[in-house]
Amino acid sequence: MSQGDFVRQMDSGSSAIYGTPNHWHKIHLDLPLLVLLLILAGAGAFVLYSASGQSTHHVNRQLTYYSVGLLVMLVTAQIPPRFLERWAVIPYVGGVSLLVGVLFFGIGAKGAQRWLELGGFRFQPSEILKIAVPLMLASYLARRPLPPNFKHVIFSLVFIAIPPLLVVLQPDLGTAILIAVSGFFVLFLAGLPKRYLGFALLAAVVVLPLMWLYGLRDYQRQRILTMFDPEADKLGAGWNIIQSTIAIGSGGIDGKGWMRGTQSQLDFLPESHTDFIIAVLAEEFGLIGVLLLMTLFLLIIVRCVIISLRAQSMFGRLLAGSLTLTFFVYIFVNMGMVSGILPVVGVPLPFMSYGGTSIVTLMLGFGMLMSVSTERKRPG
Amino acid sequence: MNDDHALKNPQMEFRLFVGRMLFAMLVVLVMAGVLVGRYYYLQVVRYDGLTTLSDRNRVLVEPVSPTRGLIYDRNGVLLADNRSSFNLSIVVERAGELDELIAELDELIGVSASEKKRFYKQLNRRRRPYEPVPLRLDLNEKEQGVLAVNEYHLPGVEVTVQLLRDYPLGKETAHVLGYVGRINDREIQELDPVRYSGTLVTGKTGLEKKYEDELLGEVGYQTVETNARGRVMQQLERTDPAPGKDLHLYLDSRLQQLAYENLEGERGAVVAIEIATGGVLAMASAPTFDANEFVTGISFDHYDELLNSPDRPLFDRVLQGQYPPGSTVKPIFGLAALESGVIRSSYKIYDPGFYQLKNEERKFRDWKKGGHGNSISLYDAIVQSCDTFFYDVGVKMTIDTLAQYGSYFGLGEKTGLDMPTERAGIMPSRAWKKGARGLAWYPGDTVNASIGQGFSLVTPMQLAEATARLASRGEVRPPQLVRKQHTVMPPVNIIQASEANWDYVHKAMQDVVHNIRGTAQKINRGLNYHIAGKTGTAQVVGIKQDEEYDAELVAKRNRDHALFIAFAPVENPKIAVAVIVENGEHGSSAAAPVARQIIDAYMNYYPEALGKISDQQSVKVGGQE
């Protein structure tokens, strides 16, 4: 009891950031984050109903995914960060093994081999790595003196590089980059010296042209080219971008109204209820809708940043921080690709796009964030 | 603090993390700003342009084809109708692999080679994007069902309803009405692309071609909202098409059918003209074909068959067929002889069965071996169709008078019937022979011309028209198929001749039928009104001097053509008829009964023609007098 008082006293100086424990914390939940996520899910279901062509089937399934996601979050939140830190290597090694498995036993779809089938249940191992890589990195670096020295940086880079390289072979460039980025965020937050950052930039300048020539498949190159000149292939690869740009632009400031977007309702917009759902929102609710959604996203991010700053351990900070930044990267890549400033890489918009995998993976991450948010200060 | 933690500095590490986190947050805000900027750019700056694109996406202006004008006969019987037909078209932009799709359709409903060929031909023409290209017109119910079931895996395949031409009397009206067919490469160059934007077909022959402009109507437009697959979701606005004008013909479908019944199994032509108007009551060319087959696109094989048939069913004999008029010209030349003063009505000759020009050995034979004997007058020469008399009188008149009177009656000139094509025939003259053959006129040519042989050629329509002029005592009314007004047409010209001479010729023609010696007396059984007529026999091959003509020995195709012209009632002529039966040998036996049938039917349908409607309750036609 006396020790608890001591802790509280220590924190009281900056209560704005650290907040005060309440009964939600007993079940390891962060109320503001939970409320924001529920609002986001509600908005997602609302837009999905229109985007799927008033399909209650899709909405019902999505609501089921949200529920499953909440459950996953709830369970994950109960796992102490210390436990995660200790066993982080397990999901990492397991994930990498599965990726190797995909290369040999994977199931193809649209010219890529990304799925594993276990007892009639299909899943993408690369999804696991989106969480496993930052977990592994945070666990590795938190125990090391920071900023990391050269040796640790090299080890970190190896940990970061292995899964994306395996994913690229599937091939799934988009996911590979996202995995690499999520790992890199840990390294960055851990205080990766600036000279390495400069070196990384230099390396990118050298490597990117080489990757363009040797590392990319034709369809990947086509996607990037299409982004720069969608008109060149109107009915082929450029179709998606042209139609989504038209959908967004024709929404104007206040939009065409719910379920009244001609681009989406008349099926001009492809993938309208999955990757391109932001175009439906932009068309039907206009710039106002986009700004509201962006505000919601930013509020979630700000809340997550607060959690990461408030975290009691370096592991918690690194994990929470990198998951937060990765969350934003999903948003940026998705909204960027749909509006035509990034290539089409097949990244769903968090909580808005239809699909269970994305929601469950995200909720797993938010569960970890909640776990971090309610971590007690470690002794010593 | 143990060794492991000795290297860690929690305070410094925390500050480092906070610095990095805040920097990252800054970057996040900047990138969020970039996104917002991009959406602002699209939704505010490019709003107008992208809205236009959005509308262009969903809004499609499509032509609405006008309803083609209907064609009625004189009694309101529908001869050309429009019926709904279900057509299979392909929107190529939405179809995947075109060849595979067509192969699949072939398996489902069968696609013929000619349909494929036509499809690819049309495909290569200039089209609007997403314009459906027709593959098969007029699907039957079973095919519609098969397509409906398989629709989901046939991308780009559309079944649309369109009005299609239908000819209830497809065979009997094929030559008169002609038919509509798919617009071909040559036509697409000539037709106004705007007017035809909603129309697949155009008039190819006959009235359908002649009156194409009026029948077509004006195309309408509708703007519709479509989805990405081109399915029309709703209509936004519409300008209705103006339907084409209906045509009302002088034609009587019953007489037309009767004409074909009478020509069944024959090759020939029947033309009947209403004298008061010049309106064509019937015009039949046998054999015929079913015009409906051409509407949906006849198969190449069947078309070849029709085209190469020795009977030439596609050939419109009424306007394209040119035949020597033979003795049917005798009433005209008889009138010419009287009017020109070359002979008087009392002039008589002796007919030994042949005629010889002065100082010439060559004998021009009469059709009757041994001749018609003594005291052959013009009357006898018409009634019995004496050639020798006309040889003699023709030479006396000279070719110039013959040609002049021939042209008065329209011989060798197009009748001006409202049809797209017509041949002129030949009324030989010195000028004609010089121009056409580069040769001088010989007296022997006159001998041949005087009985409608030699160079002379007429079309059945011309012959009927000449008969109408004879019947109306010289009133010239160009024949007409489409009735534009209901009043009686005043003549455009009148052939000058004395009433006495007209009476003389009419009497002679009446006795061709009604006198026991008349060449067509066989058809007078049971007539309760008077028919004036003239038989004709047109030589197909020249018969050499001193050679007997033996029908048995000459192949059927070399037999003479049988001709007959007639009008009735003689006292107040209403109808003029010309009949030609190819290789029918004798006008009296092959052609005249056909004319009798037509005229009888006419009198039956239009009893007022006999002027007895007020006197008598009914007219028994063909009954005992």
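Residues numbered from 1 in each chain as written. Chains lettered and ligands numbered in written order. Predicted model: local features only at pLDDT ≥ 70, side-chain atom pairs only at ≥ 80, totals over all residues.

Student: I'd like to hear about the overall build of chain A, residue by residue, with values.
Tutor: If you tally the helices and strands in chain A, you get 17 helices and three strands. A total of 380 residues make up chain A; the buried ones form 49% of that total. Sequence-distant contacts in chain A: of pairs separated by 6 or more residues, those separated by 24 or more amount to 71%. (Helix = DSSP H or I, 4+ residues; strand = E, 2+ residues; numbered from the N terminus. Buried ≥ 20, exposed ≤ 12 C-beta atoms within 10 Å, placed from the backbone. Contact = placed C-beta atoms within 7 Å.)

Student: Go over the overall build of chain B with me, naming the residues and quoting the values.
Tutor: Looking only at helices and strands, chain B has 22 helices and 21 strands in total. Buried positions account for 43% of the 625 residues belonging to chain B. Sequence separation of 24 or more characterises 72% of the internal contacts of chain B that already satisfy a separation of 6 or more.

Student: Any details on the environment of B:Thr202? Residues and values, ideally.
Tutor: Residues and elements named next belong to chain B. Checked against the element boundaries, Thr-202 lands in strand E7 (residues 201–203). C-alpha separation for the pair Thr-202 and Leu-191, spaced eleven residues apart in sequence, amounts to 9.2 Å. Setting aside residues no more than four positions away along its own chain, Thr-202 makes contact with Val-180, Ile-183, Glu-187, Leu-191 and Glu-212.

Student: Talk me through the sheet that holds strand E1 (residues 59–64) of chain B; I want residue IDs and the actual numbers.
Tutor: All names here are of chain B. The sheet built from three strands is open, its strands ordered E1-E8-E9 with antiparallel pairing. Looking along the sheet, the strands with just one partner apiece sit at the ends: E1 and strand E9 (232–239). The sheet shows a mean angle of 30° between the axes of neighbouring strands, direction not considered. (Pairing = 2+ DSSP bridges. Axes fitted to C-alpha atoms, helices over the stretch in contact; angles between N-to-C directions.)

Student: Outline the sheet that holds strand E12 (residues 279–286) of chain B, supporting the account with residue identities and numerical values.
Tutor: Residue and element names in this part refer to chain B. Strands sit in the order E12-E11-E21-E20-E19 across an open sheet of five strands; the sheet is antiparallel. One side of each edge strand has no neighbouring strand; the edge strands of this open sheet are E12 and strand E19 (532–538). Direction aside, the axes of adjacent strands within the sheet are offset by 5° on average. Of the strand pairs in this sheet, E19 and strand E20 (residues 561–568) are connected by seven bridges, and their pairing is antiparallel. Among the inter-strand pairings, Thr-535 is bridged to a residue of E20, identified as Phe-564. In the packing of helix H11 (residues 253–262) onto the sheet, the strands contacted are strand E11 (268–274) and E12, and the crossing angle to E12 comes to about 30°. Along the sheet, helix H20 (residues 460–471) contacts E11, E12, E20 and strand E21 (575–581); its crossing angle with E21, the most-contacted strand, is approximately 145°.

Student: Give me the lowdown on the confidence of the model for chain B, citing residues and values where you can.
Tutor: Residue and element names in this part refer to chain B. Overall, the predicted model of chain B reaches an average pLDDT of 87, with 92% of residues at or above 70. Taken as a whole, residues 1–6 scores under 50 in pLDDT and shows one contact with residues more than four places along the chain or in a different chain. Per-residue pLDDT stays below 50 along residues 613–625; that stretch engages in 19 contacts with residues further than four places along the chain or on separate chains. Interface confidence in the predicted complex, given as ipTM, is 0.89; pTM for the same model is 0.65. (pLDDT = per-residue confidence, 0-100.)

Student: Summarise the packing of helix H5 (residues 56–77) of chain A against helix H17 (residues 356–373) of chain A; cite the residues concerned and give the values.
Tutor: For any two helices packed against each other, the geometry is given by the interaxial angle and the distance between the axes. Residue and element names in this part refer to chain A. Running from N to C, H5 and H17 cross one another at 25°; their axes reach a closest spacing of 7 Å. Relative to H17, H5 is oriented roughly parallel. Judged by the twist between their axes, the crossing of H5 over H17 is right-handed. Residues Tyr-65, Tyr-66, Val-68, Gly-69, Leu-70, Val-72, Met-73, Leu-74, Val-75, Thr-76 and Ala-77 of H5 pack against Gly-356, Ile-359, Val-360, Met-363, Leu-364, Phe-366, Gly-367, Met-368, Met-370 and Ser-371 of H17. Among the residues making up the contact of H5 with H17, the classes are represented as 16 nonpolar, five polar and no charged. (Parallel < 35°, antiparallel > 145°, perpendicular 65-115°, else oblique. Left-handed = near helix turned anticlockwise from the far one by under 90°. Nonpolar A, V, L, I, M, F, W, Y, C, P; charged D, E, K, R; others polar.)

Student: Could you give an account of the interface of chain A and chain B, with specific residues and numbers?
Tutor: Contacts between the two partners involve 40 residues from chain A, matched on the other side by 33 residues from chain B. Sorting the residues of the side of chain A that touches chain B by element identifies helix H10 (173–189), helix H13 (238–251), helix H14 (262–265), helix H15 (277–310) and helix H16 (314–338) of chain A as the ones contributing at least two each. Partitioning the side of chain A that touches chain B into residue classes produces 25 nonpolar, 13 polar and two charged.

Student: How would you sum up helix H2 (residues 10–45) of chain B? Please name residues and give values.
Tutor: If you check H2(B), its first and last C-alpha atoms are 50 Å apart, about what 36 residues at 1.5 Å a residue would give, namely 52 Å. Within H2(B), burial applies to B:Phe17, B:Arg20, B:Met21, B:Ala24, B:Met25, B:Val28, B:Leu35, B:Arg38, B:Tyr39, B:Leu42 and B:Gln43. (Expected span 1.5 Å × (residues − 1).)

Student: Can you break down the nonpolar core residue by residue, with the values?
Tutor: Residues B:Val271, B:Val577 and B:Ile598 are the most contacted members of the largest nonpolar core, which totals 133 residues. Here the element with the most residues in this core is helix H17 (residues 387–408) of chain B; it accounts for eleven residues. When residues of this core are sorted by domain, at least three fall in each of domain 1 (63–248) and domain 2 (253–610) of chain B. Formed by 119 residues, the second largest nonpolar core is a distinct cluster that contains A:Leu173, A:Ala311, A:Leu318 and A:Ile331. (Core = buried A, V, L, I, M, F, W, Y, C linked by C-beta atoms within 7 Å. Domains from an automatic or database assignment.)

Student: Which residues make up the environment of A:Phe184, and what are the values?
Tutor: Residue and element names in this part refer to chain A. With respect to the helices and strands, Phe-184 occurs in helix H10. The class for Phe-184 is buried, based on 21 C-beta atoms found within 10 Å. A sequence separation of 24 residues divides Phe-184 from Ile-160, and the C-alpha atoms of the two residues are 7.0 Å apart.

Student: Now, about unusual backbone geometry: what can you tell me, with residues and values included?
Tutor: A cis amide bond links A:Leu146 with the next residue in sequence, A:Pro147, at an omega value of -5°. With respect to the helices, strands and loops of the structure, A:Pro147 is situated in the loop between helix H8 (125–142) and helix H9 (150–168). The peptide bond linking B:Ala286 to B:Pro287 adopts the cis configuration, its omega dihedral lying at -5°. Assignment of secondary structure puts B:Pro287 in the loop between E12 and helix H12 (292–295). Even without being glycine, B:Arg473 reaches a positive phi, approximately 55°. Examined against the element boundaries, B:Arg473 turns out to sit in the loop between H20 and strand E17 (475–476).

Student: Can you lay out H5(A) for me, pointing to particular residues and giving the numbers?
Tutor: All names here are of chain A. Compared with an ideal rise of 1.5 Å per residue, which puts 22 residues at 32 Å, H5 spans 31 Å between its outermost C-alpha atoms and is within 8% of the ideal. Buried within H5 we find Val-59, Gln-62, Tyr-65, Tyr-66, Gly-69, Met-73, Thr-76 and Ala-77. The arc enclosing the buried residues of H5, seen along the axis, measures out at 115°, which places them on a common side. Among the exposed residues of H5, those oriented more than 90 degrees off its buried face are Thr-56, His-57, Asn-60, Thr-64, Ser-67 and Val-75. In this structure, the buried side of H5 is in contact with helix H4 (31–51) and H17. (Arc of directions from axis to C-beta.)

Student: Tell me about the packing of helix H7 (residues 89–105) of chain A against H9(A), residues and numbers included.
Tutor: All names here are of chain A. Interaxial distance between H7 and H9 falls to 9 Å at its minimum, and their mutual angle equals 20°. As far as their axial angle goes, H9 and H7 are roughly parallel. For the pair H7 and H9, the crossing hand works out as left-handed. Seen from H7, the contacting residues are Gly-95, Val-96, Leu-99, Val-100 and Leu-103; seen from H9, they are Ile-162, Pro-163, Leu-166 and Val-167. Class assignment for the residues of the contact of H7 with H9 results in eight nonpolar, one polar and no charged.

Student: Hey, could you go over the confidence of the model for chain A for me, with residue numbers and the actual values?
Tutor: Note: predicted coordinates in regions of low pLDDT should not be interpreted at a detailed level. Residues and elements named next belong to chain A. For chain A, per-residue confidence averages 85 on the pLDDT scale, and residues scoring 70 or more make up 87% of the total. Summarising per-element confidence for chain A, the mean pLDDT is lowest in helix H1 (residues 2–12) (42) and highest in H15 (96). Here residues 1–18 is modelled with pLDDT under 50, and outside its nearest four sequence neighbours on either side it reaches seven contacts, counting other chains as well.

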